[in-house]
Amino acid sequence: MNITRISRYVVAEVGWSWLAVTVVLLVVLLTNRLIRFLADAASGDIPANLLFTLLGLKALANLGTVLPASFFLAIVMAMGRLYRDSEMAALAACGVGPRELCRALLLLAVPLALLVGYLSLVFGPWAEGTAQRIVAEAQQSNRLQGVRPGRFLDLGAGSAVAYVASIDAEGIMHGIFARAEQDGQPVLIAAARARREVDPETGARFLVLLNGQRYQGVPGQRAWRVIRFGQHGLSLGGSEPAQFSAARDGLTSWQLWHSEDRAAWAQLQWRLSMPLVTLVLTLFALPLSKSAPRDGRYAKLLSAVLVYVLYFNLLKVAQGLLSQGRYPVGLGLWWVHALMLGAALAALQLRFQILHRVPVGSGRRR
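Each value, and the rule that gives it
- Residues numbered from 1 in each chain as written.
- Predicted model: local features only at pLDDT ≥ 70, side-chain atom pairs only at ≥ 80, totals over all residues.
- Heavy atoms only, no water.
- Helix = DSSP H or I, 4+ residues; strand = E, 2+ residues; numbered from the N terminus.
- Buried < 20%, exposed > 50% of the residue type's maximum accessible area, 1.4 Å probe, protein only.
- Contact = heavy atoms within 4.5 Å.
- Areas by Shrake-Rupley, 256 points an atom, 1.4 Å probe, with all protein chains shown as cover.
- Patch = residues over 30% accessible without salt bridge, like charges linked within 9 Å, V, L, I, M, F, W, Y side chains within 5 Å.
- Salt bridge = Lys/Arg side-chain N within 4 Å of Asp/Glu carboxyl O.
- Phe/Tyr/Trp six-rings, centres within 6.5 Å; stacked < 30°, edge-to-face > 60°.
- Lys NZ or Arg CZ within 6 Å of the ring centre and 35° of its normal.
- pLDDT = per-residue confidence, 0-100.

**With respect to the overall build of the chain**
Helix and strand counts for the chain stand at eight helices and six strands. Listed by position from the N terminus, the elements making up the chain come as α-α-α-α-β-β-β-β-β-β-α-α-α-α. In the chain, buried positions account for 42% of the 366 residues. For the chain, long-range pairs separated by at least 24 residues make up 62% of all intrachain contacts whose partners lie at least 6 apart in sequence. Carbon and sulfur atoms form 61% of the exposed surface of the chain, whose accessible area is close to 19,000 Å².

See below:
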């Protein structure tokens, strides 16, 4: 029997399962993200028209983590089907052992590891940083566009907060109440109307209150100043947008490399771990998927999920300890990969006696 043809057959079986599992995991992930974004849009934190843009960027940012998991589960499911239909027994009768199957799986795993490395180190951080920048700029530029009657609004100028009772068709706000601070004292302002204005010369942005009263003083004391005004302006933080500072997962790998922060190095090692996770889980999948024909296609799926959860939780714990300086940076997350690789090789030897080149379908059923 032609081993190349068998390799193509195994790759096709795993590839279709991988595509299906990836779609399912992405749908679950994006549904969770969509719920969060809808809550943020309802509270006015992000504009509704950016929902699907942010959703797409988040999907791209998380591909580097989703693909190793989906590939691992796809191998277990595909191999489980081959065991269920006794195809593994037929392959073993033709002299096809676990080494040949491992080589076939590596035809997918190695290119996938390279793709995951690019997504994790380059494309994913770009997508995450772009999403963070879009949210920051939207919150900065649309601070008043997202205001709704009956809600408090952060004006972005110190601790200034305003409440709007209603807004007419021309965008004029009615029933304004605002709180600010001046010289360390609270200032309360009530106005009948308000509008937003931009200084044509400086570009400074203001909330202009019309026909109101201004109260300044210290609660519990009688020294209060009351001023009636026809027009009063509240600054909205100036014309220039606030300096954007990306969170650590939105920084480029080059920035993390040149950082002296241990947490940045831990984040960089997490990104470098994703290609290794892909290869280690591939080795783990073959012995994990071995089952009797009557066990069914999904017999080992729970075990695969537990192995995946254990692996990623160990990586997360190691990342946290590394960020806190509990052990040297040089040790990093590599000890987790070494531990899991040793477990995968031990499982291969235990299930298939791979060092003795025993066919994959032979031996006692477990």
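Next comes the rest of the write-up.
**Considering a nonpolar patch on the surface**
A surface patch of nonpolar side chains, amounting to about 440 Å² of accessible area, comprises W16, L19, V23 and V27. For L19, the location among the structural elements is in helix α1 (residues 3-42). The partly exposed category is assigned to L19, whose relative accessible area is 46%.

**Quick look at the side chain of S273**
By the secondary structure assignment, S273 is in helix α6 (residues 262-289). Take S273: its relative accessible area is 0%, and that puts it in the buried class. Setting aside its immediate chain neighbours within four residues, S273 contacts L315, L333 and H337.

**As for the packing of aromatic side chains**
Per the stated rule, a full pass over the model turns up seven aromatic pairs. When the centroid spacing of 6.4 Å and the interplanar angle of 65 degrees are considered together, the rings of Y311 and F312 count as edge-to-face. Pair check on accessibility: Y311 and F312 agree, each one buried. One aromatic cluster is present, formed by W270, Y308, Y311 and F312 through successive ring pairs. Directly above the aromatic system of W270 lies the positively charged group of K316, at a separation of 4.4 Å from the ring centroid.

**Some thoughts on the confidence of the model for the chain**
Counting all residues, the mean pLDDT for the chain is 80, and 81% of those residues have values of 70 or more. Averaged pLDDT values for the elements of the chain fall to 68 in helix α3 (residues 87-93) and rise to 90 in helix α7 (residues 301-323). Low pLDDT (under 50) marks residues 238-243, which in the prediction has eight contacts with non-local residues, meaning those over four places away or in another chain. Residue range residues 362-366 is modelled with pLDDT below 50. Its contacts to residues more than four positions away, or to other chains, number 11 contacts.

**Description of the environment of A74**
Within the secondary structure, A74 sits in helix α2 (residues 51-84). A sequence separation of 59 residues divides A74 from G15, and the C-alpha atoms of the two residues are 7.7 Å apart. Residues contacting A74, with those up to four places away along its chain left out, are V14, S17, W18 and V21.

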